[in-house]
Every structure is written in structure tokens, then in C-alpha cells.
Amino acid sequence: MSLTAGIVGLPNVGKSTLFNAITKKNILAANYPFATIDPNVGTVTVPDRRLELLEDLYMPNKLTPTSYEFTDIAGLVKGASLGEGLGNQFLSHIREVDAIVEVVRCFEDDNIIHVEGGVDPIRDIEIINVELMLSDLEVTNTRLNRIGKKAMMTGDKDIKLEAGLLTRIKEALEKNIPLRKLEFKEDELKLIKNFNFLTLKPIIYMANVDETDIVNGNEYVDRVIEYAKGEDSEVVIVSAKIESELSELNDDDKMEFLADLGIKESGLDKLIKATYKLLGLATFFTTGKDEVKAWTFKRGMKAPSCAGIIHSDFERGFIKAEVMSYDDLKEYGNELKVKEAGKLRIEGKEYVMQDGDICLFRFNV
């Protein structure tokens, strides 16, 4: 399964600079609003040190880490949901993503224009979040206008259920409550899935700071962290300037540079970890001489569904999975010794996959 995130923020908060750095793309990052108009899409590999050991053991012809797709959305402004700054067009670009990454300016710089006249991260967050809610409200009202009368006049239980649910959603949005703060039953989530509500998506706030504040943050960052606590969201502290410099270095020089700064990992690595945690994601592996590959799955998925991530035939004709854990392979040194130790398992259709599982799926179609 491919992980996708939409990067949003007001103009001139460092959004496109960060996108350039983490995806190594040279898109326009200018000091004026709407430098980015069409969405830019970039794919990055997810760092996983476990692949290093698997590569050494199997010496495959191909090593394939799992990936993370970013969509850089043009800078939103107040009134975006009503079309200001081509806002509706921009908002439509993030309806398909798994998570929203909201870049928040947490640095002072007189040379970089702020569209609202000064640095205030909470104000900026609320501008964006209100626009997302207003956009969801428009979708809700449009659907209610179509089915409202029918729900009152018909005996169709499904229509009545949908109308009642959308009415609850409308009331929450009109009170400035994002949908991720509401509780939904599983059947309700299925009912509204196709609406792709923006405020139902998990959100990560990316606090963009000056390089001097990358270790300890600053008062702006503290305010963002406090705000995020109120909605169980994650905050990642980054410096667009540092990420730009890191993007030009090889892995060894990158680690040395980070060590000199007093930090252990790049902003991209922190963002990926935060997203995996927020979305409840994990990784399993397939191995062999031809290819060693990492696959992203959602925690709680069973073996047949994970097999289906590789190919739909694997799920349809699933028979069993031969499974060993990465930790056991690391401890015993090779597959044969894992098997001799009785650690290679045969799992059936009810097996719940675990992070670090190394799998061989048996199927028959």
C-alpha cells in the first residue's frame, strides 16, 4: 500500500522549500504567494536499517524499500474554501491523501513576507483548519440538499442513516469541530468514506524553525505543541534550511552533519516515523535472491490482506504464509538456523501480521 501525504500551509512558510529538500525536486520556491499553483508530487524512500542486514544475508539483485508520496499543495489563504487564491482548486488536491502535513512558520525573518503581516503560528493553523472545515461543510451541505427531502419521505433505512450522520457532521463543523475529534462506528466510516472529508484525516504539524532553534525549539514551537495536544496530533520540528543542506549530502556526510548539529535524525525521518505512528502503519518483508522488498501495511491486518498488497491473486488464492521475525533472523544469522531453532512458523488466514515479519506466501488460483 502506498502512503500519501498532502503538504499544506499558508504562502511563504517554507512549504515548497521543504518539499524540494525531502524529495530532491527543483520546484519553484519564491518569496511571494502562489508561487506553487499546480500540485507537485514527489516520492521518497522510507529509511529502514533492517534492510541493510537483509541485503547482506540475501545479496539480492534488487533492494526495494517502501515509499512515501508527498503532494505539495499551493499555499492556502483565508477564504480558500470560497475560492480565494484559487483555494477550491487547491483543496481538491488533498482529498485523496492519507494524512495532512501542515507546515507552520515558527521563525522570524524580515526578508520573507508573511501574508498575514507577522509570525503567529496558532493564527496560521486556525486559518488553514477553518478553511478545511468550511470545505467539508460545503461537501456535507451539497449532499444533504440532495437527499434531505428523500430521507424524510422514504422508508429507505440507508438514506435515513446517511442523512442523520451528515446532519451530525454538519452540526460539528458549524461549531468549528474537525471531524477527527468525533467518534464514528465502523459502518459510519464506510458510509462517509467516499466523501474524503479533509478534517477526518490525521494531521501532523511541521514546525519550520531557524537552524539555531532546531535542537531546543522556541516559544512559537511550544505554542504549536500545546495546540496539537488538544487534538492528539503530532508535531515535528524541522528547519527547511538544514533539510536543504542535507539533501545535497551522501549518507555518511549526512550523519556527520546531524551529529555536529546535535540531532539524531533528519526532519524527513522524524516526519515518516510520526506518520507511521499516527496512521498505525508497520512493515513486513519479502526476501530472495531476485529481490528483497519492504511493504507497508496497517497494524491489525491479517496475512491474506497483506498478501493482497503484493498482488490480488495472492489474497484470493491464499493458502498459508511461512513467517519468521526479523529479530529471530538477526539473532540466528540465517534462514536455516532460524528453521532449526523452530522459529520458522506456518501461519493461516487468521494470522495478524506483525512489524518486521519476513514472509513467503503460498497461494493457488
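Remember, it's a predicted structure, so these values are computed and weren't measured experimentally.

*Asks:* Quick rundown of the sheet that holds strand S1 (residues 3-8)? Include the residues and the values.
*Replies:* Pairing is mixed in the open sheet, where six strands are placed in the order S2-S4-S1-S5-S6-S7. In this open sheet, the two edge strands, each paired with only one partner strand, are strand S2 (40-45) and strand S7 (234-238). Mean inter-strand twist for the sheet, computed between neighbouring axes without regard to direction, equals 25°.

*Asks:* Can you lay out the packing of aromatic side chains for me, pointing to particular residues and giving the numbers?
*Replies:* Using the criterion set out here, one finds eight aromatic pairs in the structure. Relative to Phe-197, the ring of Phe-195 lies with its centre 5.4 Å away and its plane at 25°, an arrangement referred to as stacked. Like Phe-195, the residue Phe-197 is buried in the burial classification. With centroids separated by 5.8 Å and ring planes inclined at 50°, the aromatic side chains of Phe-284 and Phe-297 adopt a geometry described as tilted. With Phe-284 in strand S8 (residues 281-286) and Phe-297 in strand S9 (residues 291-298), the pair connects residues that are 13 residues apart, well separated along the chain. For the pair Phe-284 and Phe-297, a shared accessibility class is recorded, and that class is buried.

*Asks:* So what's going on with the state of the cysteines? Residues and values would help.
*Replies:* In this structure the tally under the stated criterion is zero disulfides. Free cysteine Cys-359: the closest other cysteine sulfur is in Cys-306, separated by 7.3 Å. Among the residues examined, Cys-359 registers a relative accessible area of 6% and is labelled buried.

*Asks:* Tell me about helix H2 (residues 50-58), and please be specific about residues and values.
*Replies:* For H2, every residue scored as buried is listed here: Arg-50, Leu-51, Leu-54 and Tyr-58. Each buried residue of H2 sits inside an arc of 95° when the element is viewed along its axis, so together they form one side. One or two positions beyond H2, positive phi appears at Met-59, with a value near 45°.

*Asks:* Talk me through the pattern of salt bridges; I want residue IDs and the actual numbers.
*Replies:* One side chain can pair with another of opposite charge once the charged atoms of both are near each other. If you walk through the whole model with that rule in mind, you get 17 salt bridges. Residue Asp-136 is joined to Arg-95 by a salt bridge in which the shortest nitrogen-to-oxygen separation is 3.3 Å. Placement of the pair is Asp-136 in helix H4 (residues 121-153) and Arg-95 in the loop between helix H3 (87-92) and strand S5 (99-105), with a sequence separation of 41 residues. As a salt-bridge pair, Glu-350 and Lys-302 come within 2.4 Å of each other at their nearest N and O atoms. Linking Glu-350 in the loop between strand S11 (345-347) and strand S12 (357-363) with Lys-302 in the loop between S9 and helix H11 (303-310), this pair joins segments that are 48 residues apart in sequence. Counted as one network, the salt bridges with shared partners bring together Asp-48, Arg-50 and Asp-355.

*Asks:* So what's going on with the confidence of the model for the protein chain? Which residues, and what values?
*Replies:* Predicted confidence across the protein chain gives a mean pLDDT of 85, with 88% of residues reaching 70 or more. Scored below 50 in pLDDT, residues 26-37 shows 34 contacts in the model against residues more than four places distant or in partner chains. In the model, residues 83-87 has pLDDT below 50 throughout and makes ten contacts with residues more than four positions away in sequence or in other chains.

*Asks:* Give a description of unusual backbone geometry that names residues and reports values.
*Replies:* Residues other than glycine predominantly adopt negative phi, and peptide bonds predominantly adopt the trans conformation. Backbone geometry places Asn-176, a non-glycine residue, at a positive phi of 60°. With respect to the element layout, Asn-176 can be found in the loop between helix H5 (157-174) and helix H6 (186-192).

*Asks:* Let's hear about the nonpolar core: which residues, and what values?
*Replies:* Core analysis: the biggest nonpolar cluster contains 55 residues, and Tyr-68, Phe-70, Ile-94 and Cys-106 have the highest contact counts within it. The greatest single-element share of this core, amounting to six residues, is contributed by helix H10 (residues 267-279). Not counting chain neighbours up to four residues away, the residues in contact with Cys-106 comprise Pro-121, Ala-207, Asn-208, Val-209, Asn-218, Tyr-220, Val-221 and Val-224. Of all hydrophobic cores here, the second largest spans 16 residues; its members include Ala-282, Phe-297, Cys-306 and Ala-307.

Conventions used here
Residues numbered from 1 in each chain as written. Predicted model: local features only at pLDDT ≥ 70, side-chain atom pairs only at ≥ 80, totals over all residues. Heavy atoms only, no water. Pairing = 2+ DSSP bridges. Helix = DSSP H or I, 4+ residues; strand = E, 2+ residues; numbered from the N terminus. Axes fitted to C-alpha atoms, helices over the stretch in contact; angles between N-to-C directions. Phe/Tyr/Trp six-rings, centres within 6.5 Å; stacked < 30°, edge-to-face > 60°. Buried < 20%, exposed > 50% of the residue type's maximum accessible area, 1.4 Å probe, protein only. Disulfide = S-S within 2.5 Å. Arc of directions from axis to C-beta. Salt bridge = Lys/Arg side-chain N within 4 Å of Asp/Glu carboxyl O. pLDDT = per-residue confidence, 0-100. Contact = heavy atoms within 4.5 Å. Core = buried A, V, L, I, M, F, W, Y, C linked by side-chain atoms within 4.5 Å.

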